Amino acid sequence: MLLLAYGGSAPWDAVDRIFCHLFDALIPIGICVILPIIVITLAMRTRRHEIDKKTEVMMKAIENGAQLDPAFFESAAKVGCKEKTVKDKLMGYLTAACVTSALGLLVGIVFTIVFTNIGLWKDDVGVAITCIVPCVILLAIGIAFFIVYAIGKKTWAKELAELDAKETADQQ
């Protein structure tokens, strides 16, 4: 059965081709799946290790009867995590909206120009539509981020006004 599928003349040719295809498929899986899992695991292990070390120091301080500082653990819980303000969150939504919309529009225009020049719109409409689908998805995501930004701006108007007042007071 394998010989018919791969058209080889000997059994080892079919097995060799199967293993070649298997290894060709494992490389992207390793890069796209396993590598991010390893990076996240190492980052979490580093945070856990730092918290464990701070806990150990704190336990020694308690044993020796030293005064405890509550801010000591507060910084350990937020290692590498910066508290985002409402304005930062909204700017993140606006940036994501602009990037995804511009990317979808740019890729759509490029595909349209290329497909028009090579005549693919007339020859194979299915391939052209398949290539345009990612552009439509990116545009939809960009529009969704714009909507989230607009709704968030209305919802958090009070918090934004307080932040602006605080920033102007800090500047003076």
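Residues numbered from 1 in each chain as written. Predicted model: local features only at pLDDT ≥ 70, side-chain atom pairs only at ≥ 80, totals over all residues. Heavy atoms only, no water.

(A) Spatial organisation of the overall build of the protein. When helices and strands are tallied, the protein shows seven helices and zero strands. Here the protein, with 172 residues, has 13% of them falling under the buried criterion. (Helix = DSSP H or I, 4+ residues; strand = E, 2+ residues; numbered from the N terminus. Buried < 20%, exposed > 50% of the residue type's maximum accessible area, 1.4 Å probe, protein only.)

(B) Just the pattern of salt bridges, in detail. This model, assessed by the stated rule, comprises two salt bridges. A salt bridge links aspartate 164 to lysine 87; the shortest N-O distance between them is 3.3 Å. Of the two residues, aspartate 164 is situated in helix α7 (residues 157–171) and lysine 87 in helix α4 (residues 86–118); the sequence distance between them amounts to 77 residues. Classification of lysine 87 by relative accessible area gives partly exposed; the value is 29%. For lysine 87, the salt bridge goes to glutamate 167, with nearest N and O atoms at 3.5 Å. Pair noted here: lysine 87 is in helix α4 and glutamate 167 is in helix α7, with a separation of 80 residues, a long-range link. The class for glutamate 167 is partly exposed, based on a relative accessible area of 37%. Bridged by salt links that share partners, the residues Lys87, Asp164 and Glu167 form one connected network. (Salt bridge = Lys/Arg side-chain N within 4 Å of Asp/Glu carboxyl O.)

(C) Just the confidence of the model for the protein, in detail. The predicted model of the protein has a mean per-residue pLDDT of 81, with 81% of residues at 70 or higher. Within the protein, no element has a lower average pLDDT than helix α1 (residues 2–6), which sits at 49, and none a higher one than α4, at 89. (pLDDT = per-residue confidence, 0-100.)

(D) Summary view of the side chain of threonine 100. With respect to the secondary-structure elements, threonine 100 resides in helix α4. The exposure class assigned to threonine 100 is buried, which follows from its relative accessible area of 15%. Looking at threonine 100, its side chain comes within polar contact range of the main-chain oxygen of alanine 97, at 3.4 Å. Once residues lying within four places of it in the same chain are set aside, the contact partners of threonine 100 are Leu138, Leu139, Ile141, Gly142 and Phe145. (Polar contact = N/O pair within 3.5 Å; in protein donor to acceptor, adjacent residues only side chain to side chain. Contact = heavy atoms within 4.5 Å.)

(E) Up close: the packing of α4 against α7. Put simply, α4 and α7 touch, their axes get as near as 9 Å, and they point 115° apart. Relative to α7, the element α4 is oriented roughly perpendicular. Contact residues: Val86, Lys87 and Leu90 in α4; Glu159, Leu160, Leu163, Asp164 and Glu167 in α7. Taken together, the residues of the contact of α4 with α7 break down into four nonpolar, no polar and four charged. (Axes fitted to C-alpha atoms, helices over the stretch in contact; angles between N-to-C directions. Parallel < 35°, antiparallel > 145°, perpendicular 65-115°, else oblique. Nonpolar A, V, L, I, M, F, W, Y, C, P; charged D, E, K, R; others polar.)

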